[in-house]
Amino acid sequence: MSTDPKFSLIVAKSRNGVIGLDGDLPWRLSGDLKMFKRVTLGKPVIMGRKTWESLPFPLPGRPNLVVSRDSDYVAKKAETFSLIHDAIGRGYELAGSSGADEVMLIGGAQLYAKLMKYCDRMYITEVDIMIEGDAHFPAVNEAQWRLSQHTDWMQGEDDDYRYRFLQYERETS
């Protein structure tokens, strides 16, 4: 059992940083969805309201924690928070009680921008395309991160584009 869960983010982004278009992913990558499930299953997942509303249903096997500026917002089958740090605290509480080794930030762009500085680890699916979109992943200060795992480019028959998985750990000084 982990006594100190990591705060990690997971994202799929194009080479030019696009992560969304009109409230949805701008691609279909079956392999990435399988990796997302493998990495997040059993762990608390924190997301913004727009990300929550883009899902067809609550993510099964994971406590779903939704952040919205609207304190009256209700997300059925999820816990809602109007303060980001309350959601993170609840994520750590749930991870501690279940033995999960990570609390996962799964989007969207606004939460990535606000919370990346608190993350210990990043799981990035880099999609091999330059694409238009209206949601972007923030720039990464590469001096603060160390690439710990990567895969070569791949593309299955159910994938729109080539992609690779990258895992980064925060550099400690």
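Above this text is the structure in question.
Note that the coordinates shown come from a computational prediction; the quantities given were computed from them, not determined experimentally. (Residues numbered from 1 in each chain as written. Predicted model: local features only at pLDDT ≥ 70, side-chain atom pairs only at ≥ 80, totals over all residues. Heavy atoms only, no water.)

Judged by nonpolar contacts, the single largest core of 27 residues is most densely connected at Phe7, Leu9, Ile46, Leu105 and Phe137. Counting only elements with at least two residues in this core, the list comes to strand S1 (6-14), strand S4 (64-67), helix H3 (84-98), strand S6 (102-105), helix H4 (109-115) and strand S7 (121-127). Ignoring any residue separated from it by four or fewer positions in sequence, one finds Leu105 in contact with Phe7, Ser8, Leu9, Ile10, Ile46, Leu111, Tyr112, Leu115 and Cys119. Core analysis: the next-biggest nonpolar cluster, separate from the first, contains 23 residues, Ala12, Met47, Ala75 and Phe165 among them. (Core = buried A, V, L, I, M, F, W, Y, C linked by side-chain atoms within 4.5 Å. Buried < 20%, exposed > 50% of the residue type's maximum accessible area, 1.4 Å probe, protein only. Helix = DSSP H or I, 4+ residues; strand = E, 2+ residues; numbered from the N terminus. Contact = heavy atoms within 4.5 Å.)

So, on to helix H1 (residues 30-40). For an α-helix, the turn length of 3.6 residues means that residues three or four places apart are oriented alike. Turning to H1, its buried residues are Asp32, Met35, Phe36, Val39 and Thr40. Across the axial projection of H1, the buried residues extend over an arc of 115°, all falling on one side. The outward face of H1, more than 90 degrees from its buried face, is lined by the exposed residues Lys34 and Arg38. (Arc of directions from axis to C-beta.)

Moving on: the layout of surface pockets. The computed volume of the largest pocket comes to approximately 1,300 Å³. Along the walls of the largest pocket sit 44 residues, with Thr51, Ser54, Ile106, Gly107 and Gly108 positioned nearest its centre. Every element with two or more residues in the lining of the largest pocket is listed here: S1, strand S2 (18-20), H1, helix H2 (49-54) and H4. Its residues placed into classes, the lining of the largest pocket shows 22 nonpolar, 11 polar and 11 charged. What the second largest pocket holds in volume is close to 240 Å³. As for the second largest pocket, its lining consists of 16 residues, and the residues nearest its centre are Lys13, Glu126, Val140, Glu142 and Tyr168. Of all the secondary structure elements, the ones that give two or more residues to the lining of the second largest pocket are S7 and strand S10 (163-170). Looking at the lining of the second largest pocket residue by residue, the classes come out as nine nonpolar, two polar and five charged. (1 Å grid on protein atoms, 1.4 Å probe; cavity = no way out; pocket = protein on both sides within 12 Å on 5 of 7 lines; lining within 4 Å. Points joined across faces, edges and corners; volume = space filled by probe spheres on them. Nonpolar A, V, L, I, M, F, W, Y, C, P; charged D, E, K, R; others polar.)

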